[in-house]
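Here's the letter readout for the chains.
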Amino acid sequence: MSFNNFEGEVPQGGVFSNASGAIISGNRNLCGGSQVLKLPQCKDSMPKKGRLSPTLKIIISVACSLFGVMLVLVVVLFCILRRKKHSASPYLPDDSFLKISYGELLKATNGFSSENLIGKGGFGCVYKGILGSDEKNVAIKVLDLQHRGALKSFIAECEVLKNLRHRNLVKLVTACSGIDFQGNDFKALIYEFMVHGSLDDWLHSFSNDGSLHIQYLDFYQRVNIAMDIAFALEYLHNGSQIPVVHCDLKPSNVLLDMDMTARVGDFGLSRFLQETAQQTSASETSTIGIKGSIGYAAPEYGMGSEVSTYGDIYSYGIIILEIITEKKPTDDTFSNGLNLHNYVNMAFSAGRVMEIVDPMLFHNMQEEETTSISERKTKDYITECLISMCKIGIACTMESPKERMGISDVVKELQLIKETLSKCDRNYDH
């Protein structure tokens, strides 16, 4: 009867009177029995300890009550003092973060001038600024605290980015939480400045008349960017201690650094998956609103589903299809039930992928009849890779979340695409 987690009092007689007749080791909750078994004495058979007197009980109760009241007062006082103290960033207590004031940010942006305005979002404006004696370029996101959800967005982004480190995530330099010179609450997030702007800028940068691309990405760069975003998602979903769901993945939130490495940013709507699982009421689940941007948000979010990593996968798939076709999911082309997923899927099924891809992918390639053999081989390899990219985008944007490709599988497929591209003779500029 050993190692069965038995409990209770062992009988004195019978087979239990012989140590070799009953093997009862590994049952820590057994007691009593014959002395030869060497078990502890049962509590019921132990001599009863003396009970506390009524007077002593009253004294102990009063002492515990007073201690509890004092503890509550200390906590309340601590909270009041913290609220009054407008430190550089109460949401980023780590000493490794730079302490910065409103006045310093005002100076860094030349009074938040329109010349330094580089973008506007749902919860505030982003300015370019120069900080410190080394004159480091930074992007400063100033929250519009009058906008509903802005404060929650600020806290969410601080909580996520102070705990995450990855080469494909935009680095948060610090945060500022204090008051401006008029006595109003002021909150801002300071990031590393990304010199090449956003993926959206590169995919949709046309001249004023809309006829000419100002800048464009070749296929190699697009594959690398897709890989960088996939690495970021794999880290968020699988690499951090608590999985993080971005909730607003789109080209304008993918920024490019000096080396054209893609970095995912804007975690204002992001959620820790553990936190999401704990929320059950309708009011709690609706606090982050639409859970993404129109065209990029997963269809199940529109039906009130909880946020999940499947939602990020859908948004990622839309980005892949946009990278290939240069069409936004909100393009006027898509109406009467047609969307970007169906548009690409129909062309893929009919073997007409090359008819829907962005013509800028082959911008510097000559016409078929004048191309060399190496150029034709390069074009064939790129065509093969484009078809594989379409398959990834389609698989990630399936309507049913469970049918979507996992992010680890996406990374593997993209690595195969890069291996195929390595066979190309890269003989045109980018």
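All of these numbers come straight from a predicted model, not from anything done at the bench.

1. Concerning the overall build of the protein
Summing up its helical and strand segments, the protein has 11 helices and 11 strands in all. Out of the 430 residues in the protein, the part that is buried amounts to 43%. Contacts in the protein between residues at least 24 apart in sequence constitute 60% of all its contacts with a sequence separation of at least 6. Accessible surface, the protein: about 24,100 Å² in total, of which carbon and sulfur atoms supply 54%.

2. Points about the packing of aromatic side chains
Here the structure, examined in full by the defined rule, presents 6 aromatic pairs. For the pair Y102 and F186, a centre-to-centre distance of 4.7 Å together with 75 degrees between the ring planes defines the contact as edge-to-face. Taken together, the residues Y102 in helix 2 (residues 102-108) and F186 in strand 7 (residues 185-192) connect sequence positions 84 residues apart. Residue Y102 is classed as buried on the basis of its relative accessible area of 12%.

3. Here we look at the nonpolar core
Judged by nonpolar contacts, the single largest core of 83 residues is most densely connected at I229, Y316 and L414. Take this core: its biggest share by element is 12 residues, from helix 5 (residues 219-239). A domain split of this core shows at least three residues from each of domain 1 (93-193) and domain 2 (194-273 + 291-429). Non-local contacts of L414, meaning those with residues more than four positions away in its chain, are made with A226, M227, A230, Y316, M389 and I392. The next biggest cluster of nonpolar side chains, apart from the first, holds 15 residues, and it includes I100, Y102, Y127 and A188.

4. With respect to the sheet that holds strand 5 (residues 136-143)
With antiparallel pairing, 5 strands are arranged side by side in an open sheet as 3-4-5-7-6. One side of each edge strand has no neighbouring strand; the edge strands of this open sheet are strand 3 (117-121) and strand 6 (172-179). Looking at each pair of strands side by side, their axes are set apart by 25 degrees on average, direction ignored. Contacting strand 5, strand 6 and strand 7, helix 3 (residues 150-161) runs over the sheet at an angle of about 40 degrees to strand 7.

5. With respect to the side chain of H246
Mapped onto the fold, H246 is located in the loop between strand 8 (244-245) and strand 9 (254-256). At a separation of 3.3 Å, a polar atom in the side chain of H246 contacts the main-chain amide nitrogen of L249. Dropping the residues within four chain positions of it, H246 is found in contact with N253, V264, G265, D266, F267, L269, S270 and D312.

6. Some points on the pattern of salt bridges
Under the defined criterion, the tally for this structure stands at 11 salt bridges. Here the salt bridges do not stand alone but share partners, grouping K141, E157 and D266 into one network.

7. Observations concerning a nonpolar patch on the surface
A grouping of L56, I59 and I60 is seen on the molecular surface, where their side chains present a nonpolar patch of about 250 Å² in accessible area. For L56, a relative accessible area of 37% corresponds to the partly exposed category.

8. Quick look at the packing of helix 5 against helix 8 (residues 309-325)
Axis separation between helix 5 and helix 8 bottoms out at 11 Å; the angle between their running directions is 175 degrees. Our classification of the angle between helix 5 and helix 8 gives roughly antiparallel. Across from R222, A226, I229, A230, L233 and H237 in helix 5, the residues of helix 8 making contact are T309, D312, Y316, I319, I320 and I323. Here the contact of helix 5 with helix 8 is composed, by residue class, of 8 nonpolar, 2 polar and 2 charged.

9. Side note on the environment of E384
Topologically, E384 is positioned in helix 10 (residues 373-396). For E384, a relative accessible area of 44% puts it in the partly exposed group.

10. Quick look at helix 5
Taking 1.5 Å per residue, 21 residues should reach 30 Å; helix 5 reaches 28 Å between its end C-alpha atoms and fits that length. Of all 21 residues that make up helix 5, 16 are buried, and the element is covered over most of its length. By the N-cap criterion, in which a side-chain oxygen at the helix start approaches the backbone nitrogen of a residue two or three places on, helix 5 is capped by D218, the distance to Y220 being 3.0 Å.

11. With respect to the confidence of the model for the protein
The predicted model of the protein has a mean per-residue pLDDT of 83, with 83% of residues at 70 or higher. Note that pLDDT drops below 50 for residues 280-289; the model gives that stretch 11 contacts with residues more than four away or on any other chain.

12. Considering unusual backbone geometry
Working note: non-glycine residues mostly have negative phi, and peptide bonds are mostly trans. Its identity as a non-glycine residue notwithstanding, M260 has a phi of 65 degrees, on the positive side. Relative to the assigned elements, M260 resides in the loop between strand 9 and strand 10 (262-264). When its relative accessible area of 16% is taken as the criterion, M260 is described as buried. The backbone of D266 sits at a positive phi, close to 60 degrees, despite the residue not being glycine. Position of D266 among the secondary structure elements: in the loop between strand 10 and strand 11 (271-272). The partly exposed category is assigned to D266, whose relative accessible area is 28%.

13. Quick notes on the pairing of strand 6
For strand 6, a buried count of 7 out of 8 residues is recorded, marking the element as mostly surrounded by other parts of the structure. Looking at chain direction, strand 6 and strand 7 are connected through 7 bridges and run antiparallel. For A175, the partnering residue across the bridge sits in strand 7 and is L189. Hairpin connection of strand 6 to strand 7: 5 residues between the antiparallel strands, including G183 at a positive phi of 85 degrees.

14. A few points about helix 9 (residues 340-349)
Three- or four-residue spacings in an α-helix give side chains the same orientation, since the helix completes a turn every 3.6 residues. Among the residues of helix 9, L340, H341, Y343, V344 and A347 are the ones counted as buried. For helix 9, the angular spread of the buried residues around the axis is 165 degrees, confining them to a single face. Among the residues of helix 9, the N-terminal cap falls to N339, whose side-chain oxygen and the backbone nitrogen of H341 are separated by 3.2 Å. Positive backbone phi, approximately 70 degrees, marks G351, located one or two places after helix 9.

Scoring rules and cut-offs
Residues numbered from 1 in each chain as written. Predicted model: local features only at pLDDT ≥ 70, side-chain atom pairs only at ≥ 80, totals over all residues. Heavy atoms only, no water. Helix = DSSP H or I, 4+ residues; strand = E, 2+ residues; numbered from the N terminus. Buried < 20%, exposed > 50% of the residue type's maximum accessible area, 1.4 Å probe, protein only. Contact = heavy atoms within 4.5 Å. Areas by Shrake-Rupley, 256 points an atom, 1.4 Å probe, with all protein chains shown as cover. Phe/Tyr/Trp six-rings, centres within 6.5 Å; stacked < 30°, edge-to-face > 60°. Core = buried A, V, L, I, M, F, W, Y, C linked by side-chain atoms within 4.5 Å. Domains from an automatic or database assignment. Pairing = 2+ DSSP bridges. Axes fitted to C-alpha atoms, helices over the stretch in contact; angles between N-to-C directions. Polar contact = N/O pair within 3.5 Å; in protein donor to acceptor, adjacent residues only side chain to side chain. Salt bridge = Lys/Arg side-chain N within 4 Å of Asp/Glu carboxyl O. Patch = residues over 30% accessible without salt bridge, like charges linked within 9 Å, V, L, I, M, F, W, Y side chains within 5 Å. Parallel < 35°, antiparallel > 145°, perpendicular 65-115°, else oblique. Nonpolar A, V, L, I, M, F, W, Y, C, P; charged D, E, K, R; others polar. Expected span 1.5 Å × (residues − 1). pLDDT = per-residue confidence, 0-100. Arc of directions from axis to C-beta.

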